[in-house]
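# Coordinate analysis (summary)
Here's the letter readout for the chains.
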Amino acid sequence: MSGTGTGEELGVQAARARALALLRIRSRATAVALLPAAVAVVLLVAGAQGRIGGGGWDAARWAVTACAAVVLLGAAAVSVAIVRARPAVSPTVPLTEQAAPDLYRLVRDLADRLGVPAPSAIALTPDCDSWLEDRTHPSAQPAESSVTRPAASGGRRHRVPVAPVLVIGSPFLWWMRVAELRAVLAPVVAGTGPAAHPDIAAARRFVRGLDGAVADAAVPAPGRFARLRGLPRGLVGWIARLLLRSCRGHAAAMERGVAAAASERAQAVDYGLRIAAQEQVGLAYAGWDRLLTRVALPAWRMGRWPSRLDAGVVSALTELSRRDRLAEGFTSRLGERPACDLLEEPGAADEAASLLAARLFHGGPAETGPDWSPVDWQQYPEEVVDRKWRTEAARLLRVLDAMGVRPAPAGGPDEAVGGAGAVRAFGAHGADAAGVAVPTLARVVEQLSGPDGRGEELAAGISAAVAREEAAAPQQPPAGSTADAASDSDALDFWGPDPLPLFPLQPPRTGTELLADHVAAMVCCAAVDTAGAAPGLDWLDGPALLVDGERRADLGSPVLSLVEDGDAGPLRCWLASVGVRTDKPVRLV
C-alpha cells in the first residue's frame, strides 16, 4: 500500500505541476495585455509630475494610451469569449437516480472504497468507453440546478465544487457482469479525486474555455455584413488558437498525471478482476463495431433504426465466441447477474441509446416518423433485409432502363436455370412475348458478362442514382442548431454546429462496390422468389440469405467475378446449386 500511495502522490504532484504551468500561461497572457496600460500609466504620471515634457513625449504618451485602450478592449473581448464559450459536451443519454438506483448505489460504494468524491450524475453513451466529463459550465446545467449558490453569511455568490459526470458505454451494461463493470469503473471513478483539486480544476476550465472559443470562432457570422462581423470573431479565434497551442503539451501531461494517479488509487479495488474484465472490454468493442457497421447501418439506410442495439451486442458476441470456440469460457460468466439489471427499465435505456447511436453514426432525425421508425430484431429480416434487397434490385433495373438497355426478344439462347416453359413465357433475357422488359436476373447477367460487359457504365449509373436519392432526402439540421435547441432533452444540444452524422461509420462506397451490392441483392431476390430461400439476420455479417434454414455465405466471390471480370461462370454454378430460376420475374418494391 505504501508503494501505491507513493505512486498516486507522484501522479497528483505531476498533474498539479502541469496545471500550474497552464495557469502561468494564462497569467502571462494577462500580463501581456496589461503591459501597454502599465506603460501608459507611467507616462501619464511622469507627465503630470513634470518629469517629462515636450512635443515628442506628449505624442508618445497619447499614442501609448490609445494603444493600451485598444489592447485592453481586445483583451476584454477575448476574456469574455473564453469565459462565455460553450465547451462541447459528449452526446449522452442522461440516467437519473430514479431510473438506476442500484447503479448509483454501486458507484457511490465504489467512490467510498476509493476515498474520492462520488460523480454528480451518470449518463450513457453508445460507445465502448467510459470517462468523467466536467459539466460545470452554466450552459450544460439544468435550469433547476446551478454550480453557484448564495453564501450563508450574505448575498455574495461563490463557486461550489461539483463532481464530474460519469459517462458509461451502454454496451458495457449489457455484456458485462456486475462485478466486471465495478472493476472497469474503478479507475474512472478514482479520477474524481484529482479532478477536485483547485489548480487542476482551474486549468481544465481554462483549456476547455480556449477550445470552446476556437470552436465558436469557426462558426460563420449570420446575417448581413457577415464578413465584416466575422473580423472580431476571427481575431478572438486566432488568439485563442495561439494560447491553445502553447497549452497543448502541458494539458496532455496533466491528464496523463491524473490518469496515473487514478490508476494507482484504483489498484486497491478489484485489481485481479479488472485484468480479466479488460478482456471483455476489447471483446465488447469488437462486437459493437461489427454490429454497427454490418447490422445497424443497412437498417439506418432503409429508414429503420434497431431499437435494441445493446441487447444485440450480447447476441453478436455470443455468436462470435461460438464461432471462435470460446463459448465454454463464457458459459460460466453469462450465468452471473448482468450489469443491465442495475437499471429499472433496461429496455427504455437501450432504446434511447440506440436512437442516439443512429443520430451520431448515420444522421437520423431525433423523432420517429413514417420514414424513420424503430424495428425489432424479430422484424429485421422482413423490414430491413427483404426491403433492402428489393429496393436495390429495383434501382439496378431502373438504371438499366435509363441506359437504353432492351432485353433480347423471346426465343433467344437459354441461359436460365429452369425449364423451357418459363423461357417461352418470359424470354431468356427478361422480355415477355410483346418484347416488354420484365425484372429478371438473366437480364442483369447478360449486361455484365463477356468482354463487352457494361459494368463500368452500370456502376457509374448506380452511383449517380444513389447520389440523387441521397440529395433528395430531407437534410437533418446540424447538431446544436436552433431546431434542436428547442428541445431540452436533445443530447446534441451542446455538441456544436457540426452537421450530422458526427461520426460516419464508413467512407463513401465506390461504384464497383455499389454495383456488387446491387447485383447480390438481385440474386437474393431471385433466390427468395424462385428457390424458396428466405431473408435472415447474421449477428456478425448483417443481412443473410437462408437456404433450407442455413446461411449461404459464398455468394460474394461469384458476384465479384461477374462485376469485376465479366465472368458469369461461377455465378451460374452457384445459381444452379441453389436452384435459382434466372428467367423468372423478380418481385420488386
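Residues numbered from 1 in each chain as written. Predicted model: local features only at pLDDT ≥ 70, side-chain atom pairs only at ≥ 80, totals over all residues. Heavy atoms only, no water.

## Considering the side chain of Glu180
Turning to its location among the elements, Glu180 is positioned in helix 5 (residues 178–189). For Glu180, a relative accessible area of 9% gives the class buried. Within the local environment of Glu180, its side chain forms a polar contact with the backbone nitrogen of Arg177, the two atoms lying 3.0 Å apart. In this view, Glu180 contacts Leu273, Ala277, Gln280 and Arg333; residues no more than four positions away in its chain are not counted. (Helix = DSSP H or I, 4+ residues; strand = E, 2+ residues; numbered from the N terminus. Buried < 20%, exposed > 50% of the residue type's maximum accessible area, 1.4 Å probe, protein only. Polar contact = N/O pair within 3.5 Å; in protein donor to acceptor, adjacent residues only side chain to side chain. Contact = heavy atoms within 4.5 Å.)

## Let's talk about the sheet that holds strand 1 (residues 93–95)
Sheet strands pair via backbone hydrogen bonds, and the direction of the pair is either parallel or antiparallel. Strand order across the open sheet formed by 4 strands is 1-2-6-3, with mixed pairing between neighbours. Of all the strands in the sheet, just strand 1 and strand 3 (130–133) have a single pairing partner and so form its edges. Each neighbouring strand pair of the sheet contributes to a mean axis angle of 30°, computed without reference to strand direction. By the bridge criterion, 5 bridges tie strand 2 (residues 121–125) to strand 6 (residues 165–169) in an arrangement that is parallel. Within strand 6, the residue paired with Ala121 across the bridge is Val165. Running at roughly 115° to strand 2, helix 3 (residues 101–114) makes contact with strand 1, strand 2 and strand 6 of the sheet. Across the face of the sheet, helix 5 comes into contact with strand 3 and strand 6 while running at roughly 140° to strand 6. (Pairing = 2+ DSSP bridges. Axes fitted to C-alpha atoms, helices over the stretch in contact; angles between N-to-C directions.)

## Observations concerning the packing of aromatic side chains
The full count for this structure, using the stated rule, is 2 aromatic pairs. On the numbers, 5.9 Å between centres and 45° between planes, the contact of Trp377 with Tyr380 is tilted. The same class applies to Trp377 and to Tyr380, which are both buried. Take Trp377: its relative accessible area is 12%, and that puts it in the buried class. Linked through ring pairs, Trp377, Tyr380 and Trp539 together constitute an aromatic cluster. (Phe/Tyr/Trp six-rings, centres within 6.5 Å; stacked < 30°, edge-to-face > 60°.)

## Things to note about the nonpolar core
The biggest cluster of nonpolar side chains holds 111 residues, and the ones touching the most others in it are Leu103, Trp300 and Val519. With 13 residues, helix 18 (residues 511–530) is the single largest residue contributor to this core. Not counting residues up to four positions away in its chain, the partners in contact with Val519 are Leu396, Val444, Leu448, Val559, Leu562 and Val563. Judged by nonpolar contacts, the second largest core, of 23 residues, contains Ala19, Leu23, Val214 and Ala251. (Core = buried A, V, L, I, M, F, W, Y, C linked by side-chain atoms within 4.5 Å.)

## Here's the deal with the sheet that holds strand 10 (residues 542–547)
Reading across the sheet, the 3 strands line up as 9-10-11 and stay open at both edges, with antiparallel pairing between neighbours. In this open sheet, the two strands that pair with only one neighbour each are strand 9 (534–538) and strand 11 (550–551). Strand direction decides the pairing type here: strand 9 and strand 10, joined by 5 bridges, are antiparallel. Each residue of the ladder has a partner; that of Asp538, found in strand 10, is Gly542. Contacting strand 9 and strand 10, helix 13 (residues 380–402) crosses the sheet at an angle of about 110° to strand 9.

## Considerations on a nonpolar patch on the surface
A contiguous nonpolar surface patch, about 320 Å² in accessible area, is contributed by Leu235, Trp238 and Leu242. Among the structural elements, Leu235 can be located in helix 8 (residues 226–266). (Patch = residues over 30% accessible without salt bridge, like charges linked within 9 Å, V, L, I, M, F, W, Y side chains within 5 Å. Areas by Shrake-Rupley, 256 points an atom, 1.4 Å probe, with all protein chains shown as cover. Salt bridge = Lys/Arg side-chain N within 4 Å of Asp/Glu carboxyl O.)

## As for the pattern of salt bridges
Tallied over the entire structure, the rule returns 25 salt bridges. Here Glu469 ties to Arg398 by a salt bridge, and the two come within 3.4 Å at their closest N and O atoms. Of this pair, Glu469 sits in helix 16 (residues 455–472) while Arg398 sits in helix 13, and the two are 71 residues apart along the sequence. Of the residues examined, Arg398 reaches a relative accessible area of 46% and is grouped as partly exposed. The partner of Asp401 in a salt bridge is Arg443, and the shortest N-O contact between them spans 2.6 Å. Here the residue Asp401 occupies a position in helix 13, and Arg443 occupies one in helix 15 (residues 441–448), the gap between them amounting to 42 residues. Residue Arg443 is classed as buried on the basis of its relative accessible area of 2%. One network of salt bridges, in which partners are shared, links Arg290, Arg294, Asp538, Asp541 and Arg551.

## Quick word on the environment of Arg333
As for its placement among the helices and strands, Arg333 is situated in helix 11 (residues 327–334). Given a relative accessible area of 6%, Arg333 falls into the buried group. Each C-alpha atom of the pair Arg333 and Met176 lies 8.7 Å from the other, and the pair is 157 residues apart in sequence. Excluding residues within four positions of it along the chain, Arg333 makes contact with Trp175, Met176, Arg177, Glu180 and Gln280.

## Some points on the pairing of strand 10
Here 2 bridges tie strand 10 to strand 11, and the two strands are oriented antiparallel to one another. Each bridged residue has a counterpart across the sheet, and for Leu546 the counterpart in strand 11 is Arg551.

## Considerations on helix 18
The α-helix advances 3.6 residues per turn, and as a result positions three or four apart in sequence lie on the same side. In this model helix 18 runs 28 Å from its N-terminal to its C-terminal C-alpha over 20 residues, within 8% of the 28 Å that 1.5 Å per residue would give. Summarising burial for helix 18: 15 of the 20 residues are buried, a large majority. Gly532 sits one or two positions beyond helix 18 and adopts a positive phi of about 75°. (Expected span 1.5 Å × (residues − 1).)

## Side note on helix 5
Helix length check: helix 5, at 12 residues, gives a terminal C-alpha distance of 15 Å against a target of 16 Å (1.5 Å per residue), a fit within 8%. A large share of helix 5 lies buried, amounting to 9 of its 12 residues. Considered for burial, the residues of helix 5 that qualify are Val178, Glu180, Leu181, Ala183, Val184, Leu185, Ala186, Val188 and Val189.

## Topic: the packing of helix 19 (residues 556–565) against helix 20 (residues 569–578)
Here helix 19 crosses helix 20 at 145°, and the two axes come no closer than 7 Å. Judged by the twist between their axes, the crossing of helix 19 over helix 20 is left-handed. Residues Pro558, Val559, Ser561 and Leu562 of helix 19 pack against Pro570, Leu571 and Trp574 of helix 20. Residues that form the contact of helix 19 with helix 20 fall into these classes: 6 nonpolar, 1 polar and no charged. (Left-handed = near helix turned anticlockwise from the far one by under 90°. Nonpolar A, V, L, I, M, F, W, Y, C, P; charged D, E, K, R; others polar.)

## Details of the packing of helix 9 (residues 271–301) against helix 13
Contact pair helix 9 / helix 13: the axes reach a minimum separation of 10 Å and the direction vectors enclose 75°. Taken together, the axes of helix 9 and helix 13 lie roughly perpendicular to each other. For the pair helix 9 and helix 13, contact is made by Val295, Pro298 and Ala299 and by Tyr380, Val384 and Lys388, respectively. Class assignment of the residues belonging to the contact of helix 9 with helix 13 gives a composition of 5 nonpolar, no polar and 1 charged. (Parallel < 35°, antiparallel > 145°, perpendicular 65-115°, else oblique.)

## Thoughts on the environment of Leu244
With respect to the helices and strands, the residue Leu244 is situated in helix 8. Put simply, Leu244 and Arg208 are 36 residues apart on the chain and 9.4 Å apart in space, counted from C-alpha to C-alpha. Sequence-distant contacts of Leu244, that is, excluding residues within four places in its chain, are made with Val207, Leu210, Asp211 and Val214.

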